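Summary of structural features
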Amino acid sequence: MVQTEDFYNYLIKKDFNLFAGVPDSLLKNLCACIKENNDSKHNIITANEGNAIAIASGYHIASSKYGVVYMQNSGIGNAVNPLLSLADEEVYSIPMLLIVGWRGEPGVKDEPQHVKQGKVTLELFKTMGIETIILDEDYKAKIDYCYDYLRKNNKPIALIVRKGLFTDYKTSKPENNYSITREMALETVLSKINDDDFIVSTTGKTSREVFEIRERNNQKHSNDFLTVGSMGHTSSIALGMSIGSDKNIYCIDGDGSFIMHMGAFAIIPSIADKNFKYILINNGAHESVGGQPTVAFNINIEKLLLSLGFENVYIAKTLDEVSESMEKMQNKKLQALIIYTKLGSREDLGRPTISPVDNKKNMMKNFQNK
Ligand SMILES: Cc1ncc(C[n+]2csc(CCOP(=O)(O)OP(=O)(O)O)c2C)c(N)n1
């Protein structure tokens, strides 16, 4: 294992002092250490991974220094465009250090959405002409190598991080001031949804909780599309389902996911009909991967959605308010509900036991037959 703090301190010693990225569960301890030791201008938790590549690029242009971009390998897709058309040596040739959590590493058991990504991670970087170094206990030599590489080659290099590499980094548990949990909110939302309504729920623990609530209630899963991967696209999947259908589609999103592809909300109001309902569970954090903060509590999402064309945006901080808002949303166009929840989830929270393909097949059958 690598002592998280020692690794971080060595990066600083080598003058890597601008961090940007989207948090990852494998990098949870490193992200916590970076957060603890930096203000929000030196540890920029970005909307998506592509933004982090661009920030590190701008930082290099301004300072000649090398930014550090952290991400889960799921985020490579978001990073490909600026890696290839901005930082690539055949374009602007901009060096930066990528630190990438390797979910789905071949031979290591992981969730279905990580398996393919894990298999192709090293190949993807190779195809992009980005050298990968698998990080291990000899981290000083690896960082030295990367530093020299960046200096000589003026292009990005990636440190790949295996599961369990970093030691625990003790930090205070992230908290906010809200009182209901995400799971309680979801339970109430689901209790207000009819048997012939459909759900598209977001990446991370939201979908896991939706699955478990259905199990507990002895309900079928064929009304729920659990967006286990493709973070940030839940609202667009729901929008796509709602087109030309009279079934109600409830999109249940998270604030990190909402922010990741917020641009989608510029389009949704011009397309969505009465059957598209948007529910945002706002806990101000990427709770599923360690509780790193998002900017969701610093921006006015209610005003934002209204300015984009939503007709009503309800706010709920209690379960009664969730129930009341769910009722008010019925039979009206462009309705959204923002539910404020506290951080945390059950220790024994399970994972969907149905494969994504079966989930999709069952749902398609159910959706198209009604
Ligand atoms: C493109 C991409 N980047 C990062 C991740 C890792 N990831 C999974 S869930 C999650 C946090 C989601 O935060 P939010 O939408 O606020 O929901 P919460 O976990 O707080 O319920 C992250 C960053 C991912 N799955 N995909």
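Bear in mind that the values here come from a model prediction, so they are computed numbers and not experimental data.

1. Thoughts on the site of the ligand
- Close to the ligand lie 25 residues, the nearest being G204, G254, G256, E287 and S288.
- Looking at the shell around the ligand, the elements that each hand over two or more residues are α8 (205-216), α10 (255-260) and β11 (285-286).
- For the shell around the ligand, the element with the most residues is α10, which contributes three residues.
- Taken together, the residues that form the shell around the ligand break down as five nonpolar, 15 polar and five charged.
- Lining the shell around the ligand are residues from two domains, each supplying at least three of them: domain 1 (4-161) and domain 2 (182-369).

2. Section: the sheet that holds strand β3 (residues 67-72)
- A sheet is described by the order of its strands in space; here six strands give the open sequence β2-β1-β3-β4-β6-β5, paired in parallel fashion. In the strand order of this sheet, the two ends are held by β2 (43-45) and β5 (131-134), each with one partner. Across the sheet, the axes of successive neighbouring strands diverge by a mean angle of 20 degrees, strand direction being ignored.
- In terms of strand pairing, β5 meets strand β6 (residues 157-161) through four bridges, oriented parallel. Across the sheet, the residue bridging to E131 is I157, located in β6.

3. Regarding the sheet that holds strand β8 (residues 224-226)
- Overall, parallel pairing links the six strands, which are arranged β8-β7-β9-β10-β14-β13 in an open sheet. Pairing within the sheet leaves two strands with one partner each, and these edge strands are β8 and β13 (312-316). On average, adjacent strands in this sheet sit at an angle of 15 degrees to one another, irrespective of strand direction.
- Alignment of strand β7 (residues 198-201) against strand β9 (residues 249-254), held across four bridges, turns out to be parallel. Across the sheet, the residue bridging to V200 is C251, located in β9.
- Packed on one face of the sheet, α8 meets β7, β8, β9 and β10 (276-282) and runs near 145 degrees to β8.
- Packed onto the sheet, helix α9 (residues 234-242) meets β7, β8, β9 and β10 and runs at close to 175 degrees relative to β9.

4. Brief notes about the packing of α9 against helix α11 (residues 264-271)
- Interaxial distance between α9 and α11 falls to 10 Å at its minimum, and their mutual angle equals 15 degrees. The pairing of α9 with α11 is recorded here as roughly parallel in orientation. By crossing handedness, the relation of α9 to α11 is classed as left-handed. Where α9 approaches α11, its residues S235, S236 and L239 are matched on the opposing element by A264, F265, I268 and I271.
- Residue composition of the contact of α9 with α11, grouped by class: five nonpolar, two polar and no charged.

5. So, the environment of I55
- Mapped onto the secondary structure, I55 falls in helix α3 (residues 49-63).
- With 20 C-beta atoms counted inside 10 Å, the residue I55 sits in the buried group.
- As for I55 and G263, which are separated by 208 residues in sequence, their C-alpha atoms are 18 Å apart.
- Excluding residues within four positions of it along the chain, I55 makes contact with A20, I44, T46 and G67.

6. Side note on unusual backbone geometry
- Of note in this structure, D15 is not a glycine but carries a positive phi near 70 degrees.
- Within the secondary structure, D15 is located in the loop between α1 (4-13) and β1 (19-21).
- Look at D15 and you get exposed, because 9 C-beta atoms sit within 10 Å.
- The phi torsion at N218 lies on the positive side, around 55 degrees, for a residue other than glycine.

7. A word on the nonpolar core
- Grouped together as the largest cluster of nonpolar side chains are 50 residues, with contacts concentrated most on V69 and L97.
- No other element matches α3, which puts six residues into this core.
- If sequence neighbours within four positions are ignored, V69 has contacts with A20, G21, A52, I53, A56, M96 and L98.
- In terms of nonpolar packing, the next biggest core, distinct from the first, is built from 44 residues, F211, M231, I252 and V313 among them.

8. A short note on the domain arrangement of the chain
- Taken domain by domain, the chain comprises domain 1 (4-161) and domain 2 (182-369).
- Each of domain 1 and domain 2 was reduced to a C-alpha centroid, and the two centroids are 30 Å apart.
- In this complex, domain 1 contributes 14 residues to the contact, which on the side of domain 2 involves 17 residues.
- Put simply, the parts of the chain that give the side of domain 1 that touches domain 2 at least two residues each are α2 (28-37) and α5 (112-127).
- Looking at the side of domain 1 that touches domain 2 element by element, the count peaks at four residues for α2.

9. Description of the packing of α1 against α2
- The geometry of α1 relative to α2 is characterised by a closest axis approach of 9 Å and an angle of 55 degrees between their N-to-C directions. Taken together, the axes of α1 and α2 are oblique relative to one another. Both α1 and α2 take part in a crossing whose hand is right-handed. Facing T4, E5, F7 and Y8 of α1, the residues of α2 in contact are N29, L30, C33, I34 and N37.

Reading the values: rules and limits
- Residues numbered from 1 in each chain as written.
- Predicted model: local features only at pLDDT ≥ 70, side-chain atom pairs only at ≥ 80, totals over all residues.
- Near = placed C-beta within 6 Å.
- Helix = DSSP H or I, 4+ residues; strand = E, 2+ residues; numbered from the N terminus.
- Nonpolar A, V, L, I, M, F, W, Y, C, P; charged D, E, K, R; others polar.
- Domains from an automatic or database assignment.
- Pairing = 2+ DSSP bridges.
- Axes fitted to C-alpha atoms, helices over the stretch in contact; angles between N-to-C directions.
- Contact = placed C-beta atoms within 7 Å.
- Parallel < 35°, antiparallel > 145°, perpendicular 65-115°, else oblique.
- Left-handed = near helix turned anticlockwise from the far one by under 90°.
- Buried ≥ 20, exposed ≤ 12 C-beta atoms within 10 Å, placed from the backbone.
- Core = buried A, V, L, I, M, F, W, Y, C linked by C-beta atoms within 7 Å.

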